[in-house]
Each structure stands twice: as structure tokens, then as C-alpha cells.
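Here is how the chains run, residue by residue.
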Amino acid sequence: MEYKPDVQLILNSLNKERKELSDKLSEIDKLIKRIKYGNVNLGLTKGNIPENDGEDNDSVSASRAFPLKADLKVQVIRVMDILGEASKLNAIQEKYKELTGIKHNLREVVRSLNKHDILKLLQPKGIERGLYWIKAEWLENGVLKDKHKFEGFDLLFTEDSIEFK
């Protein structure tokens, strides 16, 4: 359909403005997706550490290397790597919340990793309930490596009084 020149000019102008607004909207949508999936660090969660704080760089690089888009099992394995020692379930959940800002019950995920022999449950012999979770790779000849023992571990347990399931 043909329009008068002044009407055509207005239509062209409005179409151009619509395209610009559509481009802006798509950029905003992309930013929203990046924020949702953890690709943008806004510094709003408790676990995020500002770069110029002067704290040790290991904790900064550990939180940056956390796989926010990965499967929950992979995230739990990474939390165990960050903790680096035998830990109770609530400590694992607290560290996960610190890193992601999400409060999540990780019990079933940890139990699933236990079924696949990625995580092991440390429990005193003769007691059915386990106390601490460890990574299976932290064991050497059925004994927990010293670097993965928490402070006071040797006071609470002897090697012959615990088992790993």
C-alpha cells in the first residue's frame, strides 16, 4: 500500500524506533539469563568476595571456579574439594549456600554420590549412623589422608575404630 510521503516518513521512523527498542529488549533478556544462570557476579551474595579486599587469593579463586551452571552433583563434589576435609552434611550445605546463595537440602545428592562411590561416609564401628562425609579419593589404603582430617580428628577417632561406607 502506498502512503503519502509524510505518512511514510512517520512509519519509517516508528519502525526504526521499534527495531531499536526490540534490540534493547533482547539485550536485557540476555542479561537476565546470564544473571539467572550465575554468569554475572553482582557482588550481592554473602559468598562473593570483592577483589581488592586483601583476603587470601585461594578463597577468591575457589569461589570463582565454582561451577554455577553444572549439575548439582558436580557442585557438591566441588564444595567437598573447597572444604578439603571430612565434613558434616550441614557444613556442606552451608558452604553450598555461601557459594551459590541458594539454600538447598543436599542429603539425597550426597547419598547418591555415596552410592556411586564418589563420597564415603565416615562412621565409628558398631554405630549405624555416619558422622562425616569424605571424598573416596581422600582414602589411601582404607585410611583417611592426614591433609583431609579436621583439627582434633585424631583425638576423636583412631584408625581402627572407624570405617568408611
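See the structure above.
So, here is what we can say about the structure in this document. Just so we're clear, the structure is a prediction, and the values are computed from it rather than from any experiment. (Residues numbered from 1 in each chain as written. Predicted model: local features only at pLDDT ≥ 70, side-chain atom pairs only at ≥ 80, totals over all residues. Heavy atoms only, no water.)

1. Here's the deal with the overall build of the protein
At step 1: A count of helices and strands for the protein gives six helices and five strands.
At step 2: Put simply, the protein runs from its N terminus to its C terminus through helices and strands in the order α-α-α-α-α-β-β-β-β-α-β.
At step 3: Across the 165 residues that make up the protein, the buried fraction comes to 25%.
At step 4: Accessible surface for the protein amounts to roughly 12100 Å². Of this, 50% is attributable to carbon and sulfur atoms. (Helix = DSSP H or I, 4+ residues; strand = E, 2+ residues; numbered from the N terminus. Buried < 20%, exposed > 50% of the residue type's maximum accessible area, 1.4 Å probe, protein only. Areas by Shrake-Rupley, 256 points an atom, 1.4 Å probe, with all protein chains shown as cover.)

2. Let's talk about the packing of aromatic side chains
At step 1: Per the stated rule, a full pass over the model turns up four aromatic pairs.
At step 2: Judged by centre distance (5.4 Å) and plane angle (80°), the rings of Phe150 and Phe153 are edge-to-face.
At step 3: Accessibility expressed as a relative area gives 1% for Phe153, which makes it buried.
At step 4: Connected via pairs of aromatic rings, a cluster forms that spans Tyr132, Phe150, Phe153 and Phe157. (Phe/Tyr/Trp six-rings, centres within 6.5 Å; stacked < 30°, edge-to-face > 60°.)

3. A closer look at the pattern of salt bridges
At step 1: On inspection of all chains with the given rule, the structure shows ten salt bridges.
At step 2: Because the salt bridges share partners, they merge into one network encompassing Asp146, Lys149, Asp154 and Glu159. (Salt bridge = Lys/Arg side-chain N within 4 Å of Asp/Glu carboxyl O.)

4. Notes on the sheet that holds strand 2 (residues 132-135)
At step 1: Judged by pairing direction, the sheet is antiparallel, and its three strands sit side by side in the order 2-1-5 without closing on themselves. The open sheet terminates on both sides in strands that have one partner only, identified here as strand 2 and strand 5 (162-164). Across the sheet, the mean angle from the axis of one strand to that of its neighbour is 30°, orientation sign disregarded.
At step 2: Note that strand 1 (residues 119-124) and strand 2 share four bridges and pair antiparallel. Bridging across to strand 2, Leu119 finds its partner in Lys135.
At step 3: Against the sheet, helix 5 (residues 107-115) touches strand 1 and strand 2, its axis set at about 95° to strand 1. (Pairing = 2+ DSSP bridges. Axes fitted to C-alpha atoms, helices over the stretch in contact; angles between N-to-C directions. Contact = heavy atoms within 4.5 Å.)

5. Description of the layout of surface pockets
At step 1: If you add up the space inside the second largest pocket, you get close to 460 Å³.
At step 2: Leu89, Arg107, Leu121, Gly130 and Trp133 are the residues nearest the centre of the second largest pocket, which is lined by 15 residues in total.
At step 3: Of all the elements in the fold, those that place two or more residues in the lining of the second largest pocket are helix 4 (89-100), helix 5 and strand 2.
At step 4: For the lining of the second largest pocket, the element with the highest residue contribution is helix 5, accounting for four residues.
At step 5: Grouping the amino acids of the lining of the second largest pocket by side-chain chemistry returns five nonpolar, five polar and five charged. (1 Å grid on protein atoms, 1.4 Å probe; cavity = no way out; pocket = protein on both sides within 12 Å on 5 of 7 lines; lining within 4 Å. Points joined across faces, edges and corners; volume = space filled by probe spheres on them. Nonpolar A, V, L, I, M, F, W, Y, C, P; charged D, E, K, R; others polar.)

6. Observations concerning a nonpolar patch on the surface
At step 1: A cluster of nonpolar side chains, contributed by Met1, Tyr3, Val7 and Leu11, occupies part of the molecular surface with about 410 Å² of accessible area.
At step 2: Among the structural elements, Leu11 can be located in helix 1 (residues 5-36).
At step 3: Using a relative accessible area of 31% as the deciding quantity, one classes Leu11 as partly exposed. (Patch = residues over 30% accessible without salt bridge, like charges linked within 9 Å, V, L, I, M, F, W, Y side chains within 5 Å.)

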